Amino acid sequence: DAGVTQSPTHLIKTRGQQVTLRCSPISGHKSVSWYQQVLGQGPQFIFQYYEKEERGRGNFPDRFSARQFPNYSSELNVNALLLGDSALYLCASSLRSLPNEQFFGPGTRLTVL
Amino acid sequence: QQQVKQSPQSLIVQKGGIPIINCAYENTAFDYFPWYQQFPGKGPALLIAIRPDVSEKKEGRFTISFNKSAKQFSLHIMDSQPGDSATYFCAAVESLSGSARQLTFGSGTQLTVLP
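Since we're looking at a predicted model, the values are computed, not measured.

Enquirer: Would you mind going over the pattern of salt bridges with me for this structure?
Expert: Where charged atoms from two side chains of opposite charge approach closely, those side chains can pair. Scanning the entire structure with this criterion turns up 7 salt bridges over all chains. Here K30 of chain A and E51 of chain A are joined by a salt bridge, their closest N and O atoms 3.5 Å apart. Separated by 21 residues along the polypeptide, K30 of chain A in the loop between strand 3 (19-24) and strand 4 (31-37) and E51 of chain A in the loop between strand 5 (44-50) and strand 6 (53-57) bring together distant segments of the chain. On the basis of relative accessibility, which here comes to 28%, the residue E51 of chain A falls in the partly exposed class. Here K57 of chain B and E59 of chain B are joined by a salt bridge, their closest N and O atoms 3.6 Å apart. Look at K57 of chain B and you get partly exposed, because its relative accessible area is 31%. Several salt bridges share partner residues, and in doing so they unite R22, R67 and E75 of chain A into one network.

This is the structure in structure tokens:
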């Protein structure tokens, strides 16, 4: 059975551009969460969606937005990219909205030049 | 503001040694404390977790010790193996408004187990 999948694997953008990252949860999982992991640090919570509704939001600017589709896949959008947005973006899925049941994908490595 | 403080940043032990990774927190709203293991190029994977009403939990070679009064918890890896070389993160979970639950990670410990 496939785990959490994310695309693309790597992405290079320039400052000011916009980026969309995609996540497909484990089959049957209805919750998706997004995390930002800067090199050498732990993941930081960005958003959680459950049953297509936003259930939680971390301390990130409004440039960050996300949505969950009827098939429970999700997109994370980041507008007006800054150099500091360079990070590994992780998606995690769970059956319910409980973070202690989350399974993480391999992440998308975003580099902003 | 770092809500979960983790130390050391890196750790090197010989095969068979017992690495210990420590974490501390201030937020008393945290009510669940998982540990994650992350290999290069992979996302974090849940290793073991504990609730604050338990002082110790063992799963295989991994043990969590929890001191609620000191707001500290630690991970011990018994009989460590080179395959345990990875980055380890402690984390803490709290309830937000509504039914949301948020996971907060420590800064990570890069463990190297020498053969």
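On we go.
Enquirer: Sorry if this is basic, but what is going on with the interface of chain B and chain A here?
Expert: How big an interface is tends to be reported as the loss of accessible area on association of its parts. Between chain B and chain A, the residue contacts involve 19 residues of the former and 20 residues of the latter. Sorting the residues of chain B by area buried against chain A places R101, L103 and F105 of chain B first, and these three jointly supply 28% of that buried surface. Counting across the chain B and chain A interface gives 0 salt bridges. On inspection of chain B and its partner chain A, the count reaches 2 residue pairs in polar contact (both at pLDDT 80 or more). Mapped onto the side of chain B that touches chain A, the elements with two or more residues apiece are strand 4 (33-38), strand 9 (86-95) and strand 10 (101-105) of chain B. By residue class, the composition of the side of chain B that touches chain A is 9 nonpolar, 7 polar and 3 charged.

Enquirer: Whenever I open this one, the layout of surface pockets confuses me. Can you help?
Expert: To find leftover empty space, one rolls a probe the size of a water molecule over the atoms. By volume, the largest pocket is sized at about 600 Å³. If you trace the largest pocket, you find 28 residues lining it, with Q37 and L39 of chain A together with Q38, P40 and T87 of chain B closest to the centre. Looking at the lining of the largest pocket, the elements that each hand over two or more residues are strand 9 and strand 11 (109-114) of chain B.

Enquirer: Help me out: how do you make sense of the state of the cysteines in this one?
Expert: Between two cysteines, a covalent bond joining their sulfur atoms is known as a disulfide. Under the defined criterion, the tally for this structure stands at 2 disulfides over all chains. The partner cysteine of C23 of chain A in its disulfide is C91 of chain A, sulfur to sulfur 1.8 Å. Because the sign of the S-S torsion sets the handedness, a value of about -60° for the bond joining C23 of chain A and C91 of chain A places this disulfide among the left-handed ones. Here C23 of chain A is found in strand 3, whereas its partner C91 of chain A is found in strand 9 (residues 87-94), with 68 residues between them in sequence. Judged on exposure class, the residue C23 of chain A and its partner C91 of chain A are both buried. Between the sulfur atoms of C23 of chain B and its disulfide mate C90 of chain B the distance is 1.9 Å. Linking C23 of chain B and C90 of chain B, the disulfide has an S-S dihedral of approximately -95° and is accordingly described as left-handed. Of this pair, C23 of chain B sits in strand 3 (residues 20-25) while C90 of chain B is found in strand 9, placing the two residues 67 residues apart along the sequence.

Enquirer: In this structure, what is going on with the pairing of strand 9 of chain B? I would like to understand it.
Expert: One face of the sheet, then the other: side chains in a regular strand alternate in exactly this way. Residue and element names in this part refer to chain B. Among the 10 residues that make up strand 9, 8 are buried, leaving the element largely enclosed by the rest of the structure. Direction of pairing for strand 4 relative to strand 9: antiparallel, over a ladder of 4 bridges. Residue pairing across strands places Y36 opposite F89, the latter belonging to strand 9. Here strand 9 pairs with strand 11 via 3 bridges, running antiparallel. Residue pairing in the sheet places A86 in a bridge with L111 of strand 11. Pairing of strand 9 with strand 10 involves 5 bridges; the strand directions are antiparallel. Within the sheet, the bridge partner assigned to V93 lies in strand 10 and is L103.

Calculation notes
- Residues numbered from 1 in each chain as written.
- Chains lettered and ligands numbered in written order.
- Predicted model: local features only at pLDDT ≥ 70, side-chain atom pairs only at ≥ 80, totals over all residues.
- Heavy atoms only, no water.
- Salt bridge = Lys/Arg side-chain N within 4 Å of Asp/Glu carboxyl O.
- Helix = DSSP H or I, 4+ residues; strand = E, 2+ residues; numbered from the N terminus.
- Buried < 20%, exposed > 50% of the residue type's maximum accessible area, 1.4 Å probe, protein only.
- Contact = heavy atoms within 4.5 Å.
- Buried area = accessible area lost by both parts, 1.4 Å probe.
- Polar contact = N/O pair within 3.5 Å; in protein donor to acceptor, adjacent residues only side chain to side chain.
- Nonpolar A, V, L, I, M, F, W, Y, C, P; charged D, E, K, R; others polar.
- 1 Å grid on protein atoms, 1.4 Å probe; cavity = no way out; pocket = protein on both sides within 12 Å on 5 of 7 lines; lining within 4 Å.
- Points joined across faces, edges and corners; volume = space filled by probe spheres on them.
- Disulfide = S-S within 2.5 Å.
- Pairing = 2+ DSSP bridges.

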